[in-house]
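# Structural overview
The residues making up each chain are set out below.
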Amino acid sequence: MTRNIIIDTDPGQDDAVAILLALSSPEVNVLGITAVAGNVPLALTQKNARIVCELAGKPETLVFAGCDAPLARPLVTAEHVHGKTGLDGPQLAPPTMPLQDQHAVDWMIDTLKAAPDNLITLCTLGPLTNIATALTRAPEIKSAIAEIVLMGGGYFEGGNITPVAEFNIYVDPEAADIVFKSGLKLTVMPLDVTHKALTTKPRVDAFRAMGTEVGRMTAEWTDFFERFDKEKYGSEGAPLHDPTVIAYLIRPELFSGRHINVEIETTSDLTLGMTVADWWGVSGREPNCMFMGDIDADGFFDLLAERLATL
Ligand code: BDR
Ligand code: CA
């Protein structure tokens, strides 16, 4: 069965690889890509999304620009990881494909309102500002949403932007809170999973060995953002976070986790953006998401190599 998806994203090299995986996989039909401010400001994330679509040979993909700041806070960005452009690494030509005129949130609302029940899966790879704005403005869109699969949070791994908070949740905790309380089917790829999906040398060499533009760019993007994480964690590669979301739609058997309650910390200065995950079921709170804990990392990188080679 082909799943109709909307990718909400803040590219980001790992977002870029996620988009490439989606655009090369027949199991998913990308209805559109909605950009949000996150790793870098919106003007760059919407541009980067178009660069990636063109690289994939899919300039007909609809790309929309959404919210340029979190719901209630100033934007925090991550140039220290992704570089000034968000896609630092290889030389990139500016995109020639158009940005759609409509605001991403308006398009999302219109599209979901017009869709039959449970037709569309939202794949979120950045802060949840666009999604929370759409859900707040038009709660009736929920019926069309089959599931939200998101990269965000962490529990056993702690955080990456603060000791306890993961970047996507930390940037807009109020938006994350709305999504986690939405009652929608939610599948979460936290750092507990993505920190097991490391870009080791053989895995990056496999991208380079494709001998294609996509393979070369993917290897160069990986080389760039690896530097930061390798130094920080002393690991043999960097976590490739966002493609886990798309891989889950294609090969769910690569992942395992628990259906648990997760609450978002929105008030404490010390633990802002923490995903308080009741992994051990001690709170008595109702489960609200599938919180993944493990990944078959070799299977995940095999899937990426197989699909990206077709572009
Ligand atoms: C997440 O934050 C961003 O920097 C990455 O693109 C990913 O979505 C990881 O914490
Ligand atoms: Ca991202």
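Whatever comes next refers back to the structure up there.
So, a few notes on the structure that sits alongside this text.

## Some remarks on the overall build of the chain
Looking only at helices and strands, the chain features twelve helices and ten strands. In summary, the chain has a C-alpha radius of gyration of 18 Å against a globular reference of 19 Å for 311 residues, a match within 12%. Here the chain, with 311 residues, has 60% of them falling under the buried criterion. Taking as baseline every contact in the chain between residues at least 6 positions apart, the subset at least 24 positions apart corresponds to 82%. Entry remark: accessible area of the chain is about 11900 Å², with carbon and sulfur atoms responsible for 53%.

## Thoughts on the site of ligand 1
Taken together, Asp14, Asp15, Asn39, His82, Leu125, Met151, Asn160, Glu166, Phe167, Asn168, His241 and Asp242 make up the full set of residues adjacent to ligand 1. One nitrogen or oxygen atom from the side chain of Glu166 is found 2.5 Å from an oxygen atom belonging to ligand 1. Here an oxygen atom of ligand 1 sits 3.0 Å away from a polar atom, N or O, in the side chain of Asn168. Starting from 280 Å² of accessible surface for ligand 1 in isolation, the protein chains cover 97%. For the shell around ligand 1, the residue count by class is three nonpolar, five polar and four charged.

## Things to note about the side chain of Thr9
Considering the arrangement of structural elements, one finds Thr9 in strand S1 (residues 3-9). Residues in contact with Thr9, not counting those within four places in the same chain, are Asp15, Ile19, Ile33, Thr34, Ala35, Val36 and Leu125.

## Thoughts on the coordination of the calcium ion (ligand 2)
Protein ligation of the calcium ion (ligand 2) involves Asp10 (OD), Asp15 (OD), Asp15 (OD), Leu125 (O) and Asp242 (OD), the donor distances falling in the range 2.2 to 2.6 Å. Motif for the calcium ion (ligand 2), donor spacing along one chain: D-x4-D-x109-L-x116-D. Placement of the pair is Asp10 in the loop between S1 and helix H1 (13-23) and Asp242 in the loop between helix H10 (213-233) and helix H11 (243-250), with a sequence separation of 232 residues. In this structure Asp10 comes out as buried when scored by relative accessible area, which is 0%.

## Digging into the nonpolar core
Considering soluble globular proteins, one finds that nonpolar side chains tend to be buried as a cluster. Among the nonpolar cores identified, the biggest contains 56 residues, and Ile5, Ile7, Ile246, Phe255, Phe300, Leu304 and Leu308 are the most heavily contacted of them. Examining the composition of this core, we find that eight residues originate from one element, H1, more than from any other. Look past the residues within four positions of Phe300 in its chain and what remains in contact with it is Ala197, Leu240, Pro243, Thr244, Ala247, Leu254 and Ile295. Among the nonpolar cores identified, the runner-up in size contains 38 residues, and Ala104, Ile120, Leu128 and Ile169 belong to it.

## Describing helix H7 (residues 173-180)
The element H7 is largely enclosed, with a buried count of six among its eight residues. Buried residues of H7: Pro173, Ala175, Ala176, Asp177, Val179 and Phe180, and no others. Considering only its buried residues, H7 is in contact with helix H5 (129-137), strand S5 (145-151), helix H6 (167-171), strand S6 (186-189), strand S8 (262-264) and strand S10 (289-295).

## Focus: the environment of Glu27
Position of Glu27 among the secondary structure elements: in the loop between H1 and strand S2 (28-35). You can call Glu27 partly exposed: its relative accessible area is 23%. Sequence separation between Glu27 and Phe301 is 274 residues; the distance between their C-alpha atoms is 17 Å. Excluding residues that lie within four positions of it along the chain, Glu27 makes contacts with Met1, Thr2, Arg3, Ile250 and Arg307.

Definitions and limits used
Residues numbered from 1 in each chain as written. Chains lettered and ligands numbered in written order. Predicted model: local features only at pLDDT ≥ 70, side-chain atom pairs only at ≥ 80, totals over all residues. Heavy atoms only, no water. Helix = DSSP H or I, 4+ residues; strand = E, 2+ residues; numbered from the N terminus. Rg over C-alpha atoms; globule rule 2.2 N^0.38 Å. Buried < 20%, exposed > 50% of the residue type's maximum accessible area, 1.4 Å probe, protein only. Contact = heavy atoms within 4.5 Å. Areas by Shrake-Rupley, 256 points an atom, 1.4 Å probe, with all protein chains shown as cover. Near = heavy atom within 4 Å. Polar contact = N/O pair within 3.5 Å; in protein donor to acceptor, adjacent residues only side chain to side chain. Nonpolar A, V, L, I, M, F, W, Y, C, P; charged D, E, K, R; others polar. Donors = N, O, S within 2.8 Å, 3.2 Å for Na, K, Ca; no water. Core = buried A, V, L, I, M, F, W, Y, C linked by side-chain atoms within 4.5 Å.

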